[in-house]
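A structural walkthrough
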Amino acid sequence: MKGLVSLIAGVFCFFALTVQSQAVDFKVKGAWHFAFDYVNGGNFMNKNRAGQTVNGQQWSSMHQPRDSFEAYNRMHWQLDAVASENLSGTVFFEIGEQRWGMANQGGALGADGTSSVKVKQAYLDWRIPNAPLKLRMGLQGMKLPGFALDSPVFQDDVAGIAASWKFSPAVAATAIWMRPANDNWGGDSSHASNYMDNFDLGALVVPVTLDGLKITPWGMAGSMGPNTIKPIGTAKRPDGSYNFSPTNLTANTQRIDGMQLANGLFPATFTSGRRGSSVLSQEYSSMYWGGLTWEWTSLEPFSLKGDFIYGAVDHGREYLNRSGWFSMLLAEYAFDWGVPGIYGWYFSGDDNNPHNGSERLPYIATTNNASNSLSSFGYRGSVLYAGGKGVLGTNPSGTWGVGTRLKDISFVDDLSHIIRLNYFGGTNDTKMASYITGRQTTDNSGRAVYRNMTDFNAPLGTYVTTSDTGLELNLDSTYKAAENLNFVLELGYIHLWLDKDVWGSYQKISGDSLNCKDAWKATLNITYSF
């Protein structure tokens, strides 16, 4: 750790010594983040299906066996090299997270971790002189548009190129090419390494700004090689069903990002008469999304925002395909003391046939901080990085809900609050629960069940049916202690009403209860930015 930080500092010093000769302006900014979490019931279980006691957070969106109380720190360090208003380069380092006491993260006695410094972004910005064209290329943050809700399809760091053209003060367009994956497959007896394992996406976003109305149509399409997420585990389970476990491309870096490709592009469960590698097609998968997002402000301080998205993925096998839609409406009114709002959302859900693919909206990755403003506990609507968020998952696909929030509430100088209350349920058919849990191992035609998810609280997303509902409450408070120092206290509570007839009773546990427990958290975050 000391050596890596010294190397980074040395690079900065070198840049600083050459500023005058190169006529480049170097700017440094960043932040130190500290978090102290207490989370209980993060996987909504007292005991697991085998009757074993479950302790600690068990953060549902990753199934990480963390303690109830954890302390962390992380640092962000960004260097901008600005040659002119038309040319600049940026590198963004992330140091941590370092869980206090954890040796392989450098947080144990003696510190000196060597695996915590990461290049999060590294890109070049340039503009053609006297032309309305701007380009950004390299590792960068990409985010599809959404006024009512942060994009439930794609927002993450990725390698690519974005080109923006401003046609007029009212109309612009941005064309994007991204490469989420390539050259990761090790090959097999029939093919050399890296064969047909590329994953490419292209997007077009056209923001239009009118008097009192913003509207942005957008589209994205791509293709993914059949070997992108190989090898895939398809072993037979003791209950007679089969695993469906695609390889996690980011297992050694940002593990959660790679896991989303399996969760977001494939069904939760399916049935097939094929076995082994033939479960997958040997051709490229194709995919596309189209959306429209808008904001109406003609009657300010009242505003109305809406989103609509449809997307589909074709894997060359009917049972692996996935398509669905999403819509949301948000109404807000800005007072001097705060901004109250009400909203409702709906994601399409699976039907009762596991052989015809999934009817849930597919997605790529939605893991960046503040990637879902629905909530700061169940989803990832917090700009802070602590573990006490995402217990319902990284994406609300397959759910409906209504909610209200009060944001920017402030009665005391330098102290503000946001309150959220959500009531939600599932849009998936109840029959799917019996396939997901393995209680039914074949469909009505005798085809075997493959399980991508194995319970209602499977990694990266809580799967709820039309018979299940839930309630979430958030209270988040921010105190500005100094110009660059913030203290943020986040409180959260979630209760699930799961149908025990749908999900079945647990093994080795007396009675017929699902043994479900409430989840709650109290997190203190401290951020110094410069």
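The present account deals with the structure reproduced in this document. (Residues numbered from 1 in each chain as written. Predicted model: local features only at pLDDT ≥ 70, side-chain atom pairs only at ≥ 80, totals over all residues. Heavy atoms only, no water.)

1. Considering the overall build of the protein chain
The following threshold applies: In this text, helices come from DSSP runs of H or I with a minimum length of four residues, and strands from runs of E with a minimum of two, each type numbered from the N-terminal end. Between buried and exposed lies partly exposed: a residue is buried under 20% and exposed over 50% of the maximum accessible area for its type, with that area taken using a 1.4 Å probe on protein chains only. Any pair of residues with heavy atoms lying within 4.5 Å of one another is described as a contacting pair.
Check the secondary structure of the protein chain and you find five helices and 23 strands. Sorting the 530 residues of the protein chain into buried and exposed places 51% on the buried side. Relative to all contacts within the protein chain whose residues are 6 or more apart in sequence, the contacts with residues 24 or more apart total 66%.

2. Overview of the packing of aromatic side chains
Note the cut-off: Put simply, two rings from Phe, Tyr or Trp (the six-membered ring, in Trp's case) pair if the centres are within 6.5 Å, and we call them stacked under 30 degrees between planes, edge-to-face over 60, tilted for the rest.
Here the structure, examined in full by the defined rule, presents 23 aromatic pairs. Each ring, one from Trp400 and one from Tyr423, has its centre 5.8 Å from the other, and the planes form 65 degrees; the classification is edge-to-face. Here Trp400, found in strand E18 (residues 399-412), pairs with Tyr423, found in strand E19 (residues 415-426); they are 23 residues apart in sequence, far enough to count as distant. Looking at Trp400, the relative accessible area reads 27%, which means it is partly exposed. Three or more aromatic residues joined by ring pairs form one cluster here, namely Tyr242, Phe244, Phe266, Phe270, Tyr319 and Tyr450.

3. Thoughts on the pattern of salt bridges
It is possible for side chains bearing opposite charge to pair when their charged atoms get close. Selection criterion: Any Lys or Arg side-chain nitrogen located within 4 Å of an Asp or Glu carboxyl oxygen qualifies as a salt bridge.
Enumeration over the complete set of coordinates arrives at 19 salt bridges. Between Lys305 and Glu332 there is a salt bridge, and its shortest N-O distance comes to 3.7 Å. Here the residue Lys305 occupies a position in strand E14 (residues 302-314), and Glu332 occupies one in strand E15 (residues 322-333), the gap between them amounting to 27 residues. As far as burial versus exposure is concerned, Lys305 and Glu332 are alike and both buried.

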